[in-house]
Amino acid sequence: MHLIQLRQGTTRRVAIVEEPRVRLLAAEVASVYALALEAIAQGKELEELARAKATHETLDYEPIYRGQSPLKLLPPLDHPEESARCLVTGTGLTHLGSAKNRNAMHGKTDNLTDSMKMFQLGVEQGKPGAREIGAAPEWFYKGSGAILRAQGEPLLVPAYAEDGGEEAEIAGCYVIGPDGKPWRVGFAQGNEFSDHVFEKKNYLNLAGSKIRTCSLGPELVVGADFQSVPGTAEIERDRKILWKKEILTGEAEMCHSLANIEHHHFKFETHRRPGDAHVHYFGACALSFGEGIKLADGDVMRVHFNGLGRALENPLSVIKTKNKLVFTQPL
């Protein structure tokens, strides 16, 4: 099942994608977040509950997707009332391609950098047996849900940034139940946008390079296959393809199992606060930056993974104001 979230003014709706149309759920269902918590409370599967709440009202998907409708797409999972209660995070060094890119950024390729050491640890211990705990993967914080952008919305290169580049990934979307148990709601396509120029200067800049806007969607897929998922990442400039790469993600293509990544995220008690939402990016296998591409204002980044719905498209927007000192006023 593919779900989308819509907004018109202050009114929010949820819909099931039934190409080329979408079927609205009952007006009482204002968010996927609320639908998921209701499913947990009733002991039902999310898909079952969504179908029970489906109406007879359908809409043409194309104008909504293209931003030509009064109904605007939202990221397919968020915290509808308090964006700070949606934690956006990620795991890196999960794919061989990403490890090669990171190693090239952070040191000589004939020596084992810290990045390659961590990647190798994942290769050796990232897929433990059932009920066993494997090696901890790289983990990073991106921000609260306020940084999430939907299909068609720009991803920003702020005045303090040195660059901005796409990272085509799949993200896991979660809610925490009332007893503190994490529940995976589904998967969505994502662009885990980062500042690679700043990161390249020193690998300790990784944390700061990640605190940027990022995108998710347009669809949340319930029960999607995550074994081996092919896709494409593209950069379009002046309506022409500047760069395109066939990509591959999923457990079979990664050095960490999904269960191991999820364990090492949710092992922290603060990540199991009842009522919170989580979006966790699972890593990229190819970057245009790694192939010498520098994105420019107006470039369109496109991410598409088979089986995860329509492509996620976001223009890059460079903030042209001068970087200014942020002054803290003592009380």
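Structure shown above.
These notes cover the structure that comes with them. Per chain, residue numbering runs from 1 following the sequence as it is written. Local features are withheld for residues below a pLDDT of 70 in this predicted model, meaning they are given only at 70 or higher, and side-chain atom pairs are given and counted only at 80 or more; totals for whole chains, interfaces and linings count all residues. Water and hydrogen atoms were dropped before computing side-chain values, which therefore reflect all heavy atoms in the structure.

With that settled, consider the pattern of salt bridges. Opposite charge on two side chains permits pairing when their charged atoms draw close. Note on definitions: salt bridges are taken to be side-chain nitrogens of Lys or Arg within 4 Å of carboxyl oxygens of Asp or Glu. One pass over the full model with this rule turns up 25 salt bridges. Here arginine 310 ties to glutamate 19 by a salt bridge, and the two come within 2.8 Å at their closest N and O atoms. With arginine 310 in the loop between β16 (300-305) and β17 (312-318) and glutamate 19 in the loop between β2 (11-18) and β3 (21-25), this pair connects stretches of sequence that are 291 residues apart. Throughout this description, buried means an accessible area under 20% of the type-specific maximum (1.4 Å probe, protein chains only), exposed means over 50%, and partly exposed covers the range between. A relative accessible area of 44% places glutamate 19 in the partly exposed class. In this structure, a network of salt bridges that share partners links the residues Glu19, Glu62, Arg66, Glu234, Glu236, Lys244, Arg302, Arg310 and Glu313. Helix and strand labels come from DSSP, where a helix needs a run of H or I of at least four residues and a strand needs a run of E of at least two; each type is numbered from the N terminus.

All right, on to the environment of glutamate 246 then. Tracing the backbone shows glutamate 246 in strand β14 (residues 240-249). Residue glutamate 246 is classed as exposed on the basis of its relative accessible area of 59%. In this structure, the C-alpha to C-alpha distance between glutamate 246 and phenylalanine 305, residues 59 residues apart in sequence, is 9.8 Å. The contact criterion used is simple: two residues touch if any of their non-hydrogen atoms lie within 4.5 Å. If we ignore the near neighbours within four places in the chain, the residues touching glutamate 246 are Gly231 and Thr232.

Here the focus is the pairing of strand β15 (residues 277-281). Judged by how many residues are buried, β15 sits mostly within the fold: 5 of 5 residues are covered. Neither face of β15 is left uncovered, since the one carrying Ala277, Val279 and Tyr281 and the one carrying His278 and His280 both have all their residues buried. When DSSP finds at least two bridges between two strands, those strands are taken to pair. Across 5 bridges, strand β6 (residues 86-90) lies against β15 in parallel orientation. Considered in β15, the bridge of cysteine 86 is made with alanine 277. Note that strand β10 (residues 168-176) and β15 share 5 bridges and pair antiparallel. Its bridge partner lying in β15, tyrosine 174 is registered against histidine 278.

Glancing now at helix α1 (residues 32-42). When we look at burial in α1, the residues that qualify are Val32, Tyr33, Leu35, Ala36, Ala39 and Ile40. For α1, the arc enclosing every buried residue in end-on projection is 165°, short of the 170-degree limit, so these residues lie on one face. Two residues or fewer after α1 comes glycine 43, characterised by a positive phi angle close to 70°. To be clear, the arc concerns the directions from the helix axis to the C-beta atoms.

Right, let's get into the packing of aromatic side chains. When two rings of Phe, Tyr or Trp (its six-membered ring) have centres within 6.5 Å they constitute a pair, described as stacked for plane angles under 30 degrees, edge-to-face for angles over 60, and tilted for the intermediate range. Scanning all chains against the criterion turns up 5 aromatic pairs. A ring pair is formed by tyrosine 61 and tyrosine 65, whose centres lie 6.1 Å apart and whose planes are at 70°; its orientation type is edge-to-face. Of the two residues, tyrosine 61 and tyrosine 65 both sit in helix α3 (residues 61-65), 4 residues apart, roughly one turn of that helix. For the pair shown, tyrosine 61 and tyrosine 65 are each scored as buried. Considering the side-chain rings of tyrosine 174 and phenylalanine 266, the 5.1 Å spacing of their centres and the 70° angle between planes classify their relative orientation as edge-to-face. Of this pair, tyrosine 174 sits in strand β10 while phenylalanine 266 is found in helix α8 (residues 258-266), placing the two residues 92 residues apart along the sequence. Pair check on accessibility: tyrosine 174 and phenylalanine 266 agree, each one buried. Put simply, the rings of Phe187, Phe226 and Phe282 touch in pairs and so form one group of aromatic residues.

The next point concerns the side chain of glutamine 189. Here glutamine 189 shows up in strand β11 (residues 182-191). In protein, a polar contact requires one atom able to donate a hydrogen and another able to accept it; more generally it is a pair of N or O atoms within 3.5 Å, and residues adjacent in sequence count only if both atoms are side-chain atoms. A polar contact of 2.6 Å, which involves the side chain of glutamine 189, links it to the backbone nitrogen of phenylalanine 305.

This part is about the sheet that holds strand β9 (residues 155-157). The strand order β9-β17-β16-β13-β14 describes an open sheet built from 5 strands, whose pairing is mixed. In this open sheet, the two edge strands, each paired with only one partner strand, are β9 and β14. Neighbour-to-neighbour, the strand axes of the sheet open up by a mean angle of 20°, direction not taken into account. All axes are obtained by fitting lines to C-alpha atoms, using only the stretch in contact for helices, and the reported angles, taken between N-to-C directions, cover 0 to 180 degrees.

Turning our eyes to something else, we now look at a nonpolar patch on the surface. Taken together, the side chains of Trp139, Tyr141 and Ile211 present a nonpolar region at the surface, about 270 Å² in accessible area. Looking at the secondary structure, you find tryptophan 139 in the loop between α5 (114-125) and β7 (140-144). For tryptophan 139, a relative accessible area of 34% corresponds to the partly exposed category. Two joining distances apply to patches: 9 Å for like charges and 5 Å for nonpolar side chains (Val, Leu, Ile, Met, Phe, Trp, Tyr), and every residue must have over 30% relative accessible area and no salt bridge. Shrake-Rupley sampling with a 1.4 Å probe provides the accessible areas, and residues are treated as covered by the protein chains on show and by no other component.

This part takes up the environment of isoleucine 211. For isoleucine 211, the position within the fold is in the loop between α7 (206-210) and β12 (214-221). Along the primary structure isoleucine 211 and serine 144 are separated by 67 residues, whereas in three dimensions their C-alpha atoms are 9.5 Å apart.

In this structure, proline 20 follows glutamate 19 across a cis peptide bond, with omega equal to 5°. Following glycine 217, the chain continues into proline 218 via a peptide bond in cis, with omega recorded as 5°. Here aspartate 238, not a glycine, exhibits a phi torsion of approximately 55°, which is positive. Relative to the helices and strands, aspartate 238 is located in the loop between β13 (229-237) and β14. Its identity is not glycine, yet arginine 239 carries a phi of approximately 65°, on the positive side.

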